[in-house]
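Examining the three-dimensional arrangement
Each chain is listed here by its residues.
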Amino acid sequence: QLKESGGGLVQAGGSLRLSCAASGRTFSSYIVGWFRQAPGKEREFVARISWSSSNTYYADSVKGRFTISRDNAKNTVYLQMNSLKPEDTAVYYCAATLRLADSVRFLYDYWGQGTQVTVSS
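Residues numbered from 1 in each chain as written. Predicted model: local features only at pLDDT ≥ 70, side-chain atom pairs only at ≥ 80, totals over all residues. Heavy atoms only, no water.

This part is about empty space enclosed by the protein. Unoccupied space between atoms shows up once a probe the size of one water molecule is rolled over them. Inspection of the entire model under this criterion finds 1 cavity of 30 Å³ or more. The residue inventory of the lining of the largest cavity, partitioned by class, reads 5 nonpolar, 1 polar and 1 charged. (1 Å grid on protein atoms, 1.4 Å probe; cavity = no way out; pocket = protein on both sides within 12 Å on 5 of 7 lines; lining within 4 Å. Points joined across faces, edges and corners; volume = space filled by probe spheres on them. Nonpolar A, V, L, I, M, F, W, Y, C, P; charged D, E, K, R; others polar.)

What follows is the structure, encoded as C-alpha cells:
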C-alpha cells in the first residue's frame, strides 16, 4: 500500500515536499514514480527513481525544479517541488513497480490515493 502526503495550497514560486510511504511490503527493490493529474487532463509522468537512488528521470516540465529522492530505511520516497507554478496544480500520485517502467504509466502496478497540490498565482 502506498500513501501520499504533503500536498496543500502554495503561492507561485513556493515549495512543497511530497512524501510517499509504503506499507505491507519491502519498498527498497521497487522503482517508484510520481505522476499528476489535473482536472480534465490525462495523468502524466513527473519523475521516477531507481531502487538504489542512482538513477532518476524527470519530465521536461519539472526538470530543474523538482527532485525525487528516497529513504529505503524509512520505506519512503519524496518529491521536493520548488519554484512551483500554477500549471503544477494537480493531484499527485506515487506508484511503484518492479519493471523498467520509466514514464510508462501502465507499467506501474501499485498506486496511492493521491494528494492535492494547488498553486495560486
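Now, onward.
Let's shift gears to the state of the cysteines. One pass over the structure, following the stated rule, counts 1 disulfide. Shown here is the disulfide that connects Cys20 with Cys94, its sulfur atoms set 2.1 Å apart. The sign of the S-S torsion, about 65 degrees, decides the handedness of the disulfide formed by Cys20 and Cys94: right-handed. Of this pair, Cys20 sits in strand 3 (residues 16-22) while Cys94 is found in strand 9 (residues 90-97), placing the two residues 74 residues apart along the sequence. Across the pair, Cys94 and Cys20 agree in class, each one buried. (Disulfide = S-S within 2.5 Å. Helix = DSSP H or I, 4+ residues; strand = E, 2+ residues; numbered from the N terminus. Buried < 20%, exposed > 50% of the residue type's maximum accessible area, 1.4 Å probe, protein only.)

All right, on to the environment of Gly64 then. Considering the arrangement of structural elements, one finds Gly64 in the loop between strand 6 (56-58) and strand 7 (66-71). When the C-alpha atoms of Gly64 and Met81 are compared, they prove to be 9.6 Å apart, with 17 residues separating the residues in sequence.

Glancing now at the environment of Gly24. For Gly24, the position within the fold is in the loop between strand 3 and strand 4 (31-37). On the basis of relative accessible area, Gly24 is assigned to the exposed category, the value being 84%. Sequence separation between Gly24 and Leu2 is 22 residues, and the spatial gap between their C-alpha atoms is 8.9 Å.

None of this, on its own, says anything about what the molecule does.
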